Amino acid sequence: MSDFELVIIGAGPTGLFATFAAGLREIKSLTLEELDFPGGQITELYPEKMVYDMPGIPRILAKDLAQKMYEQATMFGNEVRFNSKVTDIKQLNDGTFSVEINGSQNITCQAVLICSGVGSFIPNKLGVDGEDEYAGKGVFHSVKVIDEFKGQDIIIVGAGDSGFDWANELAPVANSIKILQHNAVIKAEERSIKEALDSHRVEIKLETNITKIIGDGQKVTAVEIEGKNGKETVKADSIILAISYKIEPNNFKSITLQTSGRYIKVNHAYETNIKGIYAAGDIANVADEPKFNLLAVGSAEAYTAINNVKKYVHPTSSLFGGHSSSLNL
Ligand SMILES: Cc1cc2nc3c(=O)[nH]c(=O)nc-3n(C[C@H](O)[C@H](O)[C@H](O)COP(=O)(O)OP(=O)(O)OC[C@H]3O[C@@H](n4cnc5c(N)ncnc54)[C@H](O)[C@@H]3O)c2cc1C
């Protein structure tokens, strides 16, 4: 007897909607997420941006959408477990699966739905003194709550789209913002650059690097920077590293999933080449068809996958579970 009927990998938007659909279809599921928060790319990459293309929601702040998706995901009591990276999947002799979490703990299940998106986010680093010591204490890789930066002197490293987006979002609340770029190349939309310069709180320093992050033991207080005029120490409360992420694809060493480019190949039931393992969202693609990496698309794929999982774990059940509007919750 397996611990769960279904393990869902990833609590990004697709995994969250899959968790909701699993609850709706009365599938005993467990969702495993390596980060300590739900929402995947929404929360990690663009929490303060507006989203306009969710059906029935004309506009919503991305982090609010992630929160609502989490609320919906857990409304039937299906568990989402954080700090739980799936490190391997093994197929057992009876066709069920053993899912390895964080390299040690194992959980058994009848089916697996992979919603791991672009994979694991590994933030790029500067590699300077103070960076690790002050991680989370003034050194950040993204902006999650704008108000936490109120009145601050902020250094943003990286003059790309993310760097300028954050500068523009923070400009109304910050005391000062400096965008540093190691070379003389700005790779951001012209509209964003103009908005930043018009705000008069944003200064752009090209050919400038951080050489050291300085703090008082508790938090960042300054940075040492080196530019065309040599080294100087600049007061800073926060340093935001907009220098992108390495995306580490998932490699479940005990199974071989067929891929198409960077995608796990699925059929129209969102089943992979291994019976009982499904994939949906940004990680999956129906072989060689055009793919649209969008929230609404991932949700539809998750719903389709879950209906097929239901039929797989309960062969006598119907494929289509009916309309939620027929329920009286
Ligand atoms: C800047 C930006 C703006 C965007 N704006 C929009 C928009 O306006 N509208 C729109 O429709 N789409 C937008 N998108 C795209 C949308 O965010 C993605 O399509 C969506 O996030 C995909 O969801 P997902 O759950 O498939 O993957 P992800 O969001 O990548 O989530 C995957 C989750 O799986 C977790 N995970 C990965 N590997 C493991 C593992 N081994 N074990 C456990 N957990 C794991 C990750 O930590 C992550 O939480 C935007 C994307 C970006 C980058």
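## Brief notes about the pairing of strand E8 (residues 105-114)
Now for step 1: In the sheet, strand E1 (residues 4-9) pairs with E8 via five bridges, with the strands oriented parallel. Bridge pairing in E8 links Leu-6 to Ala-111.
Now for step 2: Direction of pairing for strand E7 (residues 97-101) relative to E8: antiparallel, over a ladder of five bridges. By the bridge assignment for E8, Ser-98 is matched with Thr-108.
Now for step 3: Remark: three residues form the turn of the hairpin made by E7 and E8, two consecutive strands paired antiparallel; Asn-102 in that turn has positive phi of roughly 50 degrees.
Now for step 4: Relative to strand E21 (residues 277-279), E8 is paired through three bridges, and the arrangement is parallel.

## Focus: the nonpolar core
Now for step 1: Core analysis: the largest hydrophobic core is formed by 58 residues, its most contacted members being Leu-6, Ile-89, Val-112, Leu-113, Ile-114 and Ile-277.
Now for step 2: It is helix H1 (residues 13-24) that provides the largest number of residues to this core, a total of seven residues.

## What to know about the site of the ligand
Now for step 1: Residues in close proximity to the ligand total 28 residues, the closest being Thr-14, Glu-33, Tyr-46, Asn-250 and Leu-295.
Now for step 2: A distance of 2.9 Å separates a nitrogen atom of the ligand from a polar backbone atom of Val-86.
Now for step 3: Between the ligand and the protein, one listed contact pairs an oxygen atom with a backbone N or O atom of Leu-294 at 3.5 Å.
Now for step 4: Expressed as a share of its isolated accessible area of 1,000 Å², the protein-covered part of the ligand is 87%.
Now for step 5: Of all the elements in the fold, those that place two or more residues in the shell around the ligand are H1 and helix H2 (41-45).
Now for step 6: Counted by class, the shell around the ligand contains eleven nonpolar, twelve polar and five charged residues.

## As for the side chain of Lys-291
Now for step 1: The topology assignment puts Lys-291 in the loop between strand E22 (284-286) and helix H6 (295-313).
Now for step 2: Judged by its relative accessible area of 18%, Lys-291 is buried.
Now for step 3: One polar contact links the side chain of Lys-291 to the main-chain carbonyl oxygen of Gly-281, over a distance of 2.8 Å.
Now for step 4: Polar side-chain contacts of Lys-291 include one of 2.8 Å to the backbone oxygen of Ala-284.

## Let's talk about the environment of Thr-14
Now for step 1: With respect to the element layout, Thr-14 can be found in helix H1.
Now for step 2: By relative accessible area, which is 12% here, Thr-14 ends up buried.
Now for step 3: Measuring from C-alpha to C-alpha, the distance between Thr-14 and Ala-280 comes to 7.0 Å, with 266 residues separating the pair along the chain.
Now for step 4: If near-sequence neighbours (up to four positions away) are discounted, Thr-14 is found in contact with Cys-115, Ala-280, Gly-281, Gly-298 and Ala-302.

## Considerations on the domain arrangement of the chain
Now for step 1: Annotation of the chain at the domain level lists domain 1 (4-121 + 246-326) and domain 2 (140-243).
Now for step 2: The interface of domain 1 with domain 2 comprises eight residues on the first partner and eight residues on the second.
Now for step 3: Contact between domain 1 and domain 2 buries roughly 590 Å² in total, counting both sides, with carbon and sulfur atoms accounting for 47%.
Now for step 4: Interface area lost by domain 1 to domain 2 is led by Glu-44, Glu-48 and Lys-49, which between them contribute 62%.
Now for step 5: If you look at where domain 1 meets domain 2, you find one salt bridge.

What counts, and where the lines are drawn
Residues numbered from 1 in each chain as written. Predicted model: local features only at pLDDT ≥ 70, side-chain atom pairs only at ≥ 80, totals over all residues. Heavy atoms only, no water. Pairing = 2+ DSSP bridges. Helix = DSSP H or I, 4+ residues; strand = E, 2+ residues; numbered from the N terminus. Core = buried A, V, L, I, M, F, W, Y, C linked by side-chain atoms within 4.5 Å. Buried < 20%, exposed > 50% of the residue type's maximum accessible area, 1.4 Å probe, protein only. Near = heavy atom within 4 Å. Polar contact = N/O pair within 3.5 Å; in protein donor to acceptor, adjacent residues only side chain to side chain. Areas by Shrake-Rupley, 256 points an atom, 1.4 Å probe, with all protein chains shown as cover. Nonpolar A, V, L, I, M, F, W, Y, C, P; charged D, E, K, R; others polar. Contact = heavy atoms within 4.5 Å. Domains from an automatic or database assignment. Buried area = accessible area lost by both parts, 1.4 Å probe. Salt bridge = Lys/Arg side-chain N within 4 Å of Asp/Glu carboxyl O.

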